[in-house]
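# Structure assessment
Each chain is listed here by its residues.
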Amino acid sequence: MVKICCIGAGYVGGPTMAVIALKCPKVEVVVVDISVPRITAWNSDTLPIYEPGLDDVVKQCRGKNLFFSTDVEKHVAEADIIFVSVNTPTKTRGLGAGKAADLTYWESAARMIADVSKSDKIVVEKSTVPVKTAEAIEKILTHNSKGINYQILSNPEFLAEGTAIQDLFHPDRVLIGGRETPGGQKAIQALKSVYAEWVPEDRIITTNLWSAELSKLAANAFLAQRISSVNAMSALCEATGADVAEVSHAIGKDSRIGPKFLNASVGFGGSCFQKDILNLVYICECNGLPEVATYWKQVIKVNDYQKTRFVNRVVASMFNTVSGKKIAVLGFAFKKDTGDTRETPAIDVCKGLLGDNARLSIYDPQVNEDQMQRDLTMNKFDWDHPIHLQPMSPTSVKQVSMVWDAYTAAKDAHGICILTEWDEFKTLDFQKIFDNMQKPAFVFDGRNIVDADKLREIGFIVYSIGKPLDPWLKDMPAVA
Ligand code: NAD
Ligand code: UDX
């Protein structure tokens, strides 16, 4: 029986290994982590992450060929294939701070593999890492090898949160990079045979190591770039009377452009896009390519601009101040169908409104108050470090309260900001909400999910990103 061990039981390690276990009943899969609460949760009825379909997959294999453990060294020592899926945050201090990837967790995992291994191993980079990381890992392993043969593969993960299980069941492609040596090619084939249990052969792409590593950064940069492009257009739409949804539809019909990832929004969030682009920018700078670095940096600048623009629009339309006013925030997760708040645009929007002294009542079906308070008080980039390495327990923000339904959030509020596109927000009884709000009552739709015309009939003043502006908003211009 092939034994797989995955170091890191997070958003990637957990779901990916659960699907491998389901599709390869003859493979034993153990997911290990240094975090005791995380492993305890993976072994309980309440999994540590919310992901549609995940519970079902885990229930089918846990205890059979899927195990979660904190005994990292034992399972690493026993494995034939080791996936490394630890966090690779942005550095917060020292050389490259604010841009470069912090490989502390990666390196400690690699050194631990070198320490405990007694048999040959295939080590698979699952985490997103800078190009050439495989070379660094190879050096750590071979300089401490005790005669053991290590093959390093790059197998980046392309799943998106909220659709992780479907993405893993039916991936557009699986990418495996390895050395162009006989040993490297043999390792590629070994990993390929795992995926070939359910992924059609023509969807499994093999490349050299550096192409695989760079393709992951490039894919995320291209996806984020599309969102910043459409968000940049949304600002121009508001200024000219064009409608960004119509523009997206029209350009997306061009088969060379395609319709996906053209939804204007309050900005992209999530643990990957910003971190990976910053990493790409740093790599370009280190390789003497400042023009290329500046090009990609702009994707993040436009994203920041979009969040600031939204806050300014809210404040400007409410007579240029939200001081002391109650604002309902609907949605805090970075997208629907996840409880993940890493780099969610809601953090910057809420901080912006708090900066103008607003009182916030926040509702998200999957995010609890502790998480929100932590997010609103934490320093930039600290979120991706283990809790024991994060700054002292944050003080809570007094002007923020969390409630468990949208109606309570909106009661007596002056305005509503929709920041996550949860389906339940589309079917709210907006008449009931309007009746219980201060007047004039505003809706700022950061995801373009409500029927603005219907809301205007009820009496709301509505702002929808990139759509023709209400006369009220035209009279209250926001300077970004
Ligand atoms: P995560 O923070 O949810 O999980 C990482 C886990 O690794 C944590 O539970 C942490 O305790 C554990 N860990 C850290 N050091 C360890 C060590 N030495 N030994 C054992 N466990 C250790 O992160 P994630 O979202 O799963 O992301 C993991 C990697 O995958 C990152 O590089 C990320 O960029 C990449 N990625 C993430 C996504 C996504 O959607 N989240 C998608 C594709 C790629
Ligand atoms: C992303 C990549 O899609 C995935 O391939 C990679 O493995 C990890 O990073 P994820 O961050 O989980 O996945 O979600 P994604 O669906 O890409 O959304 C990222 C952000 O962009 C979200 O905040 C989302 O709301 C926003 N978005 C997405 C838009 O604003 N407009 C769009 O058209 C699409």
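Residues numbered from 1 in each chain as written. Chains lettered and ligands numbered in written order. Predicted model: local features only at pLDDT ≥ 70, side-chain atom pairs only at ≥ 80, totals over all residues. Heavy atoms only, no water.

### Focus on the site of ligand 2
What surrounds ligand 2 is a group of 20 residues, the closest being Phe-158, Leu-159, Glu-161, Ser-265 and Arg-447. A distance of 3.3 Å separates an oxygen atom of ligand 2 from a polar atom in the backbone of Glu-157. Contact between ligand 2 and Asn-263: a nitrogen atom at 2.9 Å from a main-chain N or O atom of the residue. Contact with the protein chains removes 90% of the 660 Å² of surface that ligand 2 exposes when unbound. (Near = heavy atom within 4 Å. Polar contact = N/O pair within 3.5 Å; in protein donor to acceptor, adjacent residues only side chain to side chain. Areas by Shrake-Rupley, 256 points an atom, 1.4 Å probe, with all protein chains shown as cover.)

### Notes on the environment of Thr-206
Turning to its location among the elements, Thr-206 is positioned in strand β8 (residues 204-208). The exposure class assigned to Thr-206 is partly exposed, which follows from its relative accessible area of 39%. Along the chain, Thr-206 and Val-266 lie 60 residues apart, while their C-alpha atoms are 37 Å from each other. In contact with Thr-206, not counting residues within four places along its chain, are Ile-176, Ile-188 and Lys-192. (Helix = DSSP H or I, 4+ residues; strand = E, 2+ residues; numbered from the N terminus. Buried < 20%, exposed > 50% of the residue type's maximum accessible area, 1.4 Å probe, protein only. Contact = heavy atoms within 4.5 Å.)

### Some words on the packing of aromatic side chains
Here the structure, examined in full by the defined rule, presents 13 aromatic pairs. Aromatic side chains Phe-222 and Trp-296 sit 5.8 Å apart centroid to centroid with 40 degrees between the ring planes, which places their arrangement in the tilted category. With Phe-222 in helix α9 (residues 209-240) and Trp-296 in helix α12 (residues 290-317), this residue pair connects regions lying 74 residues apart in the sequence. Ring geometry for Phe-268 versus Phe-273: centroids 5.5 Å apart, planes at 85 degrees, classification edge-to-face. (Phe/Tyr/Trp six-rings, centres within 6.5 Å; stacked < 30°, edge-to-face > 60°.)

### Some thoughts on the pairing of strand β12 (residues 415-418)
Within a regular strand, side chains alternate between the sheet's two faces. Burial along β12 is two-sided: the face carrying Gly-415 and Cys-417 and the face carrying Ile-416 and Ile-418 are both buried. The pairing of strand β9 (residues 326-330) with β12 spans four bridges and is classified as parallel. Within β12, the position partnered with Leu-330 by the bridge is Ile-418. Alignment of β12 against strand β13 (residues 442-445), held across four bridges, turns out to be parallel. Of the residues in β13, the one forming a bridge with Gly-415 is Phe-442. At this point the chain moves from β12, through helix α16 (residues 430-435), to the parallel β13, and the crossover so formed is right-handed. (Pairing = 2+ DSSP bridges. Right-handed = clockwise from strand over helix to strand, strands pointing away.)

### Let's talk about the site of ligand 1
The local shell around ligand 1 holds 25 residues, among which Asp-33, Arg-38, Thr-88, Glu-161 and Lys-275 are the closest. One of the side-chain N or O atoms of Lys-275 is found 2.6 Å from an oxygen atom in ligand 1. Separating an oxygen atom of ligand 1 from a side-chain N or O atom of Arg-342 is a distance of 3.0 Å. The protein chains hide 93% of the 830 Å² of surface that ligand 1 would expose on its own.

### Topic: the pairing of β13
Residues Phe-442 and Phe-444 of β13 are buried on one face, and the alternating residues Val-443 and Asp-445, pointing to the opposite face, are buried as well. Summarising the sheet, β13 and strand β14 (residues 461-464) pair through four bridges and their orientation is parallel. Residue pairing across strands places Phe-442 opposite Ile-461, the latter belonging to β14. Each parallel crossover has a hand, and the one from β13 via helix α17 (residues 452-458) to β14 is right-handed.

### Notes on the domain arrangement of the protein chain
Looking at the protein chain, the domain boundaries give domain 1 (3-199) and domain 2 (273-475). When each unit is reduced to the centre of its C-alpha atoms, the spacing between domain 1 and domain 2 is 33 Å. If you sort the residues of domain 1 by the area they bury against domain 2, Tyr-50, Lys-99 and Glu-161 come out on top, with a joint share of 32%. Where domain 1 packs against domain 2, one counts two salt bridges. The interface formed by domain 1 and domain 2 holds five residue pairs in polar contact (both at pLDDT 80 or more) in total. (Domains from an automatic or database assignment. Buried area = accessible area lost by both parts, 1.4 Å probe. Salt bridge = Lys/Arg side-chain N within 4 Å of Asp/Glu carboxyl O.)

### A closer look at α9
Helical geometry: 3.6 residues make up each α-helical turn, so side chains three or four residues apart lie on a common side. Taking 1.5 Å per residue as the helical rise, α9 with its 32 residues ought to reach 46 Å, and the 47 Å between its terminal C-alpha atoms agrees with that figure. Looking at where α9 begins, the residue whose side-chain oxygen comes 3.0 Å from the main-chain nitrogen of Trp-210 is Asn-208. At the C-terminal side of α9, Gly-241 shows a positive phi close to 95 degrees. (Expected span 1.5 Å × (residues − 1).)

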